[in-house]
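# Summary of the model geometry
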Amino acid sequence: TINSRFSIRKDRNHGMDYQYDAVVRNREERKHMLGSDCECCREYYEAVGPLPASRQPLWRTPTKRKTPCNLHASNNDKENTDDVEEHKQMISRHRHHWHRPKTPPGYWDIGFPDTQEVLDINRRAAEMHKRKLVDVETEAK
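From a predicted model like this one, the values you see are computed outputs, not experimental measurements.

### Examining the state of the cysteines
- Following the criterion strictly, the structure yields zero disulfides and no others.
- Lacking any disulfide linkage, cysteine 38 is separated from the closest cysteine sulfur, that of cysteine 41, by 3.6 Å.
- Residue class for cysteine 38 comes out partly exposed when judged on its relative accessible area of 29%.

Shown next, in the form of structure tokens:
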């Protein structure tokens, strides 16, 4: 398992050797925590996109040229995703020291899956495990 291959460094985790999230009410300390989102917030970040560039005050004369909307400015999805993540890190109210684990595929499905669905669920679970292993290895370096 991933947990048996890696251990948590106590010096970077307030002296604890397990994942621990405490309630942090200090605004400056919360800025250093990881920003995340819930389902409602995820829809908001996807709809709003990246933070808009700083604009000139409204009392100045506007320029004649039209500027494209931020959502349509870049066709590169990876760049847009990075901008949305940066936006989330700046303004998110959901803050944690540790990212919450993702729910396994098919966890909330009611009933028993048939054989084809089981194969698909197992394939997605294996992909999810590989991504988590890569993330943990990257963080360990």
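### Observations regarding the pattern of salt bridges
- A complete count under the given rule lists eight salt bridges for this structure.
- Of the charged contacts in the structure, one is a salt bridge between lysine 88 and aspartate 37, with a shortest N-O distance of 3.3 Å. In this pair, lysine 88 sits in helix H5 (residues 77–91) while aspartate 37 sits in the loop between strand E1 (34–36) and helix H3 (39–48), placing the two residues 51 residues apart along the sequence. Each of the two residues, lysine 88 as well as aspartate 37, counts as buried.
- Arginine 124 serves as the salt-bridge partner of aspartate 120, at 3.4 Å between the closest nitrogen and oxygen. Here aspartate 120 and its partner arginine 124 are both found in helix H6 (residues 115–140), four residues apart, which amounts to about one turn of the helix.
- Here aspartate 120 falls in the partly exposed class, since its relative accessible area comes to 28%.
- By relative accessible area, arginine 124 is classed as partly exposed at 33%.
- Overlapping salt bridges bring together Asp37, Arg42, Glu85 and Lys88 as one network.

Definitions and limits used
Residues numbered from 1 in each chain as written. Predicted model: local features only at pLDDT ≥ 70, side-chain atom pairs only at ≥ 80, totals over all residues. Heavy atoms only, no water. Disulfide = S-S within 2.5 Å. Buried < 20%, exposed > 50% of the residue type's maximum accessible area, 1.4 Å probe, protein only. Salt bridge = Lys/Arg side-chain N within 4 Å of Asp/Glu carboxyl O. Helix = DSSP H or I, 4+ residues; strand = E, 2+ residues; numbered from the N terminus.

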